Amino acid sequence: MAKFSKGDHVSWNSEAGRVSGTIIKIHERDFDYKGHPRRASKDEPQYEIESDKTDHIAAHKESALTKIE
């Protein structure tokens, strides 16, 4: 089961440093992301997150995310 919910504010590490954003979608099945297959399941969901500073959308596993208030 997903640890985070749609609308949660989270942060993660990127090449540019720590980034934050809002979860806009939760995947619990395999999906294509920017032309690449991504694995996801109910036990290991992946999240699409919209960056706070840009309109960039990122996809990350739950283990890469930290919830922020």
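What you see is a predicted model, and the numbers here were worked out from it, not measured in a lab. (Residues numbered from 1 in each chain as written. Predicted model: local features only at pLDDT ≥ 70, side-chain atom pairs only at ≥ 80, totals over all residues. Heavy atoms only, no water.)

Quick look at the overall build of the protein chain now. Tallying secondary structure elements over the protein chain gives 0 helices and 7 strands in all. Going residue by residue from the N terminus, the α and β elements of the protein chain occur as β-β-β-β-β-β-β. At 11 Å, the protein chain has a C-alpha radius of gyration in line with the 11 Å of a compact globule built from 69 residues. By its C-alpha atoms, the protein chain is 30 × 25 × 15 Å across when sized along the principal axes. Here the protein chain holds 69 residues, and the buried ones make up 32% of them. (Helix = DSSP H or I, 4+ residues; strand = E, 2+ residues; numbered from the N terminus. Rg over C-alpha atoms; globule rule 2.2 N^0.38 Å. Buried < 20%, exposed > 50% of the residue type's maximum accessible area, 1.4 Å probe, protein only.)

Once that is clear, we can look at the side chain of His27. Tracing the chain through its elements places His27 in strand β2 (residues 17-27). On the accessibility criterion, His27 (11% relative accessible area) is buried. Among the polar contacts listed, one links the side chain of His27 to the side chain of Glu48, at a separation of 2.5 Å. (Polar contact = N/O pair within 3.5 Å; in protein donor to acceptor, adjacent residues only side chain to side chain.)

You can see His60 is positioned in strand β6 (residues 57-61). The sequence separation of His60 and Lys34 amounts to 26 residues, and the corresponding C-alpha distance is 13 Å. Sequence-distant contacts of His60, defined by excluding residues within four places in its chain, comprise Trp12, Arg38, Gln46, Tyr47, Ile49 and Leu65. A polar atom in the side chain of His60 sits 3.0 Å from the side chain of Trp12. (Contact = heavy atoms within 4.5 Å.)

Across the sheet, 5 strands lie side by side as β6-β5-β2-β1-β7; this open sheet has antiparallel pairing. Of all strands in the sheet, those bounded by a partner on one side alone are β6 and β7 (66-67). Bridge count for β2 against strand β5 (residues 46-51) is 6 bridges, and the pairing is antiparallel. The partner of His27 across the bridge, within β5, is Gln46. (Pairing = 2+ DSSP bridges.)

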